[in-house]
Structures are given as C-alpha cells and as structure tokens.
Amino acid sequence: MTNKLIYFIGNWKMFGDFGSIKIINKLHNFYYKFSKAHKKNKIILCVPYTLINFFQKKYKSKLISLGAQNCHHHQTNGPFTGSISASMIRKIGAKYIILGHSENRSSGDSIQKIKTKIKSALDEKLIIIFCIGETSGEKRKKRTFSVLRRQIKGSIDKKYNLNKIIFAYEPVWSIGTGNVPPKKELIKIFNFIKKEIKKTFERKTSPTVIYGGSVNGKNISLFASISEIDGFLIGGASQSSKKFIDIIKNYYK
Ligand code: PEP
C-alpha cells in the first residue's frame, strides 16, 4: 500500500442522464467515510457536457470533483456549430478535462489540435488529463516508445504549466477490451514516460502519470503493486458505483 496521492478518475464517455446523480451520491456516501482512513487519494468524474452543470448544482459536496471529456480548440466563443469551448466548460463548474483520448484522436484530434486544446484549457485554469498511448498495430511494430515520445513532444509546450497536467497512459488496444499490459511492460513504459517528460521539459520532480485501459476490481491489485503508477482513468467500470467502489477498495487491500 502506498502513501502517495492516487487519482481515481472516471470517464463516463457518452453515458449518463439526470438519474445518474445516484451514482455520485452512492460514491460520495462510500468515499465520505473511506477518505478519512485513506486520505491520499482523489476521485474525479469526467461526465458528458449535459451533466456537468446539473451535477454541480445538485451535488453540493466538493469531495468528488467534476471534469469534462473534450473541448473545441478555440478557447472562448466562435462560429463552431455543435462545439463547446474550454471557457464554457470552466464556467459551468468543471475543474478537470480529458484531452487526447484515443476515441477523439481517431475522429480527428491531431497532435497539433490537441496542443491547442491543452493551451486553451490551461488558460481557463482547467487541470488536464492528457491521454497518450499506442494502438495494437503500433505495438506490434514495436513503436510504443516512439509513439509516446511523439505524442508528448508534439502536444506539450515547454511553457505549459506541467503541474496542471496529469498524463494518462492508455494503450488503445486495452480500452474496453479486458486486455491489460503485463507488469514488467507497465514498469518499463511508466519509467520511460516519466523520464521522457523530465528530460524534454527539464523538470526535476516526477510528473503524475496514471494508467487507463480495462481497469476493474479484479485486476487493480496488479496495478496497485506498481509504484510508478499514480492513479487510474477508468471508463466502463466508472459508470457503476459498485464497480468503481470495488476498484478503490481493492487498490488498498
Ligand atoms: C477509457 O476510455 O478512458 C477507458 C479507460 O476505458 P475502459 O476502462 O472501459 O477500458
């Protein structure tokens, strides 16, 4: 069991409605007691745009923070039909934002576009959950390290405040598949990412790097045994309070 701050971040994707407030309430009731005994952790729920303001008003406690899942690269207002800016997201009460998720990369978010989105969101004082990760094809061709390097260098500027960026290693082949990398591979990759960020941005302290991809209440013990992992981005399992609670409980077993 670790003594450092561990993030448990839910990515609800395109799921949830007003009734989903019960998921936050159940999570809150569990976490209210749990966090007194296990102080060093943080729960963040990145929910659809349509729910951020509703949850912000209904859920008064600040114990669980809210985040968005993407934004337009233009920071404020503009003629971008169907889009939401980082400024709008901040104003409706989100504190965090996922950027660079593979599901958005595959529908048009280029490395350069993600860089602009990160800048916009940082300017709005949002904390970024920046997703990076290789596809199965890139893994097969042994390109994992070069892909990660390109994604980090291409979307992060030296001038950005790295203390406001949580890096999320999400192998694309692991998302929603039930497949997770073996321990040895994870240690190697996390060490690489941390070293790469420190070297590239001349940073002395270690960055926060979390893992995402098919995390559940069973496999969490594998991840809990890897000290390089600073937390989790949880997709499918975060849409159920029971599954999310199992992950948190089992992490500390
Ligand atoms: C995700 O989409 O960020 C994710 C980690 O999904 P899942 O946990 O369902 O693999």
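Residues numbered from 1 in each chain as written. Predicted model: local features only at pLDDT ≥ 70, side-chain atom pairs only at ≥ 80, totals over all residues. Heavy atoms only, no water.

Participant: Sorry, what's going on with the nonpolar core here?
Facilitator: Generally speaking, a soluble globular protein has its nonpolar side chains buried in company with each other. Of all hydrophobic cores here, the largest spans 65 residues; its most connected members are F8, I118, I165, I193 and F232. Residue contributions to this core peak at seven residues, all from helix 1 (residues 21-37). Beyond its immediate stretch of four places on either side in the chain, I193 contacts I132, L148, I152, Y169 and V209. One finds Y7, I9, Y96 and C131 within the second-largest nonpolar core, a separate group that totals twelve residues. (Core = buried A, V, L, I, M, F, W, Y, C linked by side-chain atoms within 4.5 Å. Buried < 20%, exposed > 50% of the residue type's maximum accessible area, 1.4 Å probe, protein only. Helix = DSSP H or I, 4+ residues; strand = E, 2+ residues; numbered from the N terminus. Contact = heavy atoms within 4.5 Å.)

Participant: Quick question: what am I supposed to make of the packing of helix 1 against helix 10 (residues 241-251) here?
Facilitator: Packed helices, taken two at a time, are described by the angle their axes make and the gap between the axes. For the pair helix 1 and helix 10, the least separation of the axes is 9 Å and the interaxial angle reads 25°. Classed by the angle they form, the pair helix 1 and helix 10 counts as roughly parallel. Between helix 1 and helix 10 the crossing geometry is right-handed. In contact with I23, K26, L27, F30 and F34 of helix 1, helix 10 contributes S241, F244, I245, I248 and K249. Looking at the contact of helix 1 with helix 10 residue by residue, the classes come out as seven nonpolar, one polar and two charged. (Axes fitted to C-alpha atoms, helices over the stretch in contact; angles between N-to-C directions. Parallel < 35°, antiparallel > 145°, perpendicular 65-115°, else oblique. Left-handed = near helix turned anticlockwise from the far one by under 90°. Nonpolar A, V, L, I, M, F, W, Y, C, P; charged D, E, K, R; others polar.)

Participant: What am I meant to see in the pairing of strand 1 (residues 6-11) here?
Facilitator: In regular strands, side chains alternate between the two faces of the sheet. Counting buried residues in strand 1 gives six out of six residues, a clear majority hidden from the surface. Of the pairings in the sheet, the one linking strand 1 to strand 2 (residues 41-46) comprises six bridges and is parallel in character. Residue pairing in the sheet places N11 in a bridge with C46 of strand 2. For the handedness criterion, the β-α-β arrangement of strand 1, helix 1 and strand 2 is classed as right-handed. Relative to strand 8 (residues 231-234), strand 1 is paired through four bridges, and the arrangement is parallel. Its bridge partner lying in strand 8, G10 is registered against I234. (Pairing = 2+ DSSP bridges. Right-handed = clockwise from strand over helix to strand, strands pointing away.)

Participant: Would you mind showing me how to read the site of the ligand here?
Facilitator: Contacts to the ligand come from 13 residues, most closely from K13, H101, E170, G176 and S214. Between the ligand and N11, the relevant distance is 3.4 Å, taken from an oxygen atom to a side-chain nitrogen or oxygen of the residue. At a separation of 2.9 Å, an oxygen atom of the ligand approaches a polar backbone atom of G235. Here the ligand, which alone exposes 290 Å², has 95% of that area covered by the protein. Grouping the amino acids of the shell around the ligand by side-chain chemistry returns three nonpolar, eight polar and two charged. (Near = heavy atom within 4 Å. Polar contact = N/O pair within 3.5 Å; in protein donor to acceptor, adjacent residues only side chain to side chain. Areas by Shrake-Rupley, 256 points an atom, 1.4 Å probe, with all protein chains shown as cover.)

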